[in-house]
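# Breakdown of the fold
These are the residues of each chain, in order.
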Amino acid sequence: MFDLTLTFDNGPEPVVTDFVLDTLARHDIHATFFVLGHKLAMPERRRLTERAHAEGHWIGNHTWSHVTPLGMLDDPGETEAEINRTQAEIGALAHPRRYFRPFGGGKLSERLLNQTALDLLQREHFTCVLWNAVPRDWEDADGWVARAFEQAASQPWTLMVLHDLPTGAMKNLDRFLGEARDRGARFRQDFPPACMPLLDGKIVAPIDDYVTAAD
Ligand SMILES: [Zn+2]
């Protein structure tokens, strides 16, 4: 047996997000959607995140533009806007813990955050949600499933990053969920504490490895 928490990043996306929500509902699984502010700002896409929230999924902040990892942004104003604009756009759909997930090509590295971002996240009582499994579904629409099984079976509690993006990968989600259960997965919505170095704005685990050193 192993525990498995699923997260879907970089949406909301027409068709795909609805498809993921339908699939999760069929399996009675709740997940978290880390959304991009600039997508959520499109009225026709906001409905998708509202649906996810109404169906019991959690909504987290995954920056506004998702262009440059925050650890590589020099401009403090731009850094703060990436987080603040998105949180404002999420509005009442936000989880009370104010979940924020940085990005950096799937790698846990100092590119994830800069000092401005870390200061803001602490000041505004965010909870930083990292991950411990990235099967790289965006690169390999079919091959991710085997990697996902391997990663999930290799540790007691996996926090997996998937994407509700139109890559074709999500057509395998139904099969993945069914087989994962057959292999002993227990799905849960909360996150492993080791993946949350910042909890309600407080540093509770070493975070320096994820923050670009100041010049
Ligand atoms: Zn992302």
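Just above, that's the structure.
A quick note: this is a predicted structure, and the numbers were derived from the prediction, not measured. Residue positions are given per chain, counted from 1 along the sequence in the order it is written. Since the coordinates come from a predicted model, pLDDT governs what is reported: local features require at least 70, and pairs of side-chain atoms require 80 or more to be given and counted, while whole-chain, interface and lining totals use all residues. As a convention, hydrogens and water are excluded, and side-chain values are obtained from all of the structure's heavy atoms.

## A look at the packing of aromatic side chains
This is how the line gets drawn: When two rings of Phe, Tyr or Trp (its six-membered ring) have centres within 6.5 Å they constitute a pair, described as stacked for plane angles under 30 degrees, edge-to-face for angles over 60, and tilted for the intermediate range. We count a stretch as a helix when DSSP gives it H or I for four or more residues in a row; a strand needs E for two or more, and each element gets its number in order from the N terminus. Using a 1.4 Å probe on the protein chains alone, a residue whose accessible area is under 20% of its type maximum counts as buried, one over 50% counts as exposed, and one in between counts as partly exposed. Charge over a ring is defined by NZ of Lys or CZ of Arg lying within 6 Å of the ring centre and within 35 degrees of the ring normal.
A complete count under the given rule lists eight aromatic pairs for this structure. Relative to F191, the ring of F34 lies with its centre 6.5 Å away and its plane at 35°, an arrangement referred to as tilted. Of this pair, F34 sits in strand β2 (residues 32–35) while F191 is found in the loop between β7 (185–187) and β8 (198–199), placing the two residues 157 residues apart along the sequence. Residue F34 is classed as buried on the basis of its relative accessible area of 0%. By relative accessible area, which is 4% here, F191 ends up buried. Through successive ring pairs, a cluster of aromatic residues spans F34, W58, Y99 and F191. Over the ring of F149 we find R183; its NZ or CZ atom is 3.8 Å from the centre of that ring. One residue, R188, lies across the ring of W157, its end atom 3.5 Å from the ring centre.

## Structural notes on the coordination of the zinc ion
As a reminder, the rule being used: With water omitted from the atoms examined, metal sites may look incomplete; donors here are N, O and S atoms no farther than 2.8 Å from the metal, or 3.2 Å in the case of Na, K and Ca.
Summarising the metal site, the zinc ion is bound by the protein donors N10 (OD1), H62 (NE2) and H66 (NE2), whose distances to it range over 2.1 to 2.3 Å. Spacing between the donor residues of the zinc ion along the chain follows N-x51-H-x3-H. Within this pair, whereas N10 is found in the loop between β1 (2–9) and α1 (16–27), its partner H66 is found in the loop between β3 (58–61) and α4 (76–90), the two being separated by 56 residues in sequence.

## Let's talk about the nonpolar core
Our working rule: Only buried residues count toward a nonpolar core. Its members are Ala, Val, Leu, Ile, Met, Phe, Trp, Tyr and Cys residues joined through side-chain atoms within 4.5 Å.
Of all hydrophobic cores here, the largest spans 33 residues; its most connected members are L6, F8 and F176. At the level of elements, β1, α1, β2, α6 (144–153), β6 (157–163), α7 (173–182) and β7 are the ones that each hand at least two residues to this core. The biggest single contributor to this core is α6, with five residues. Among the nonpolar cores identified, the runner-up in size contains 20 residues, and L70, A117, L121 and W131 belong to it.

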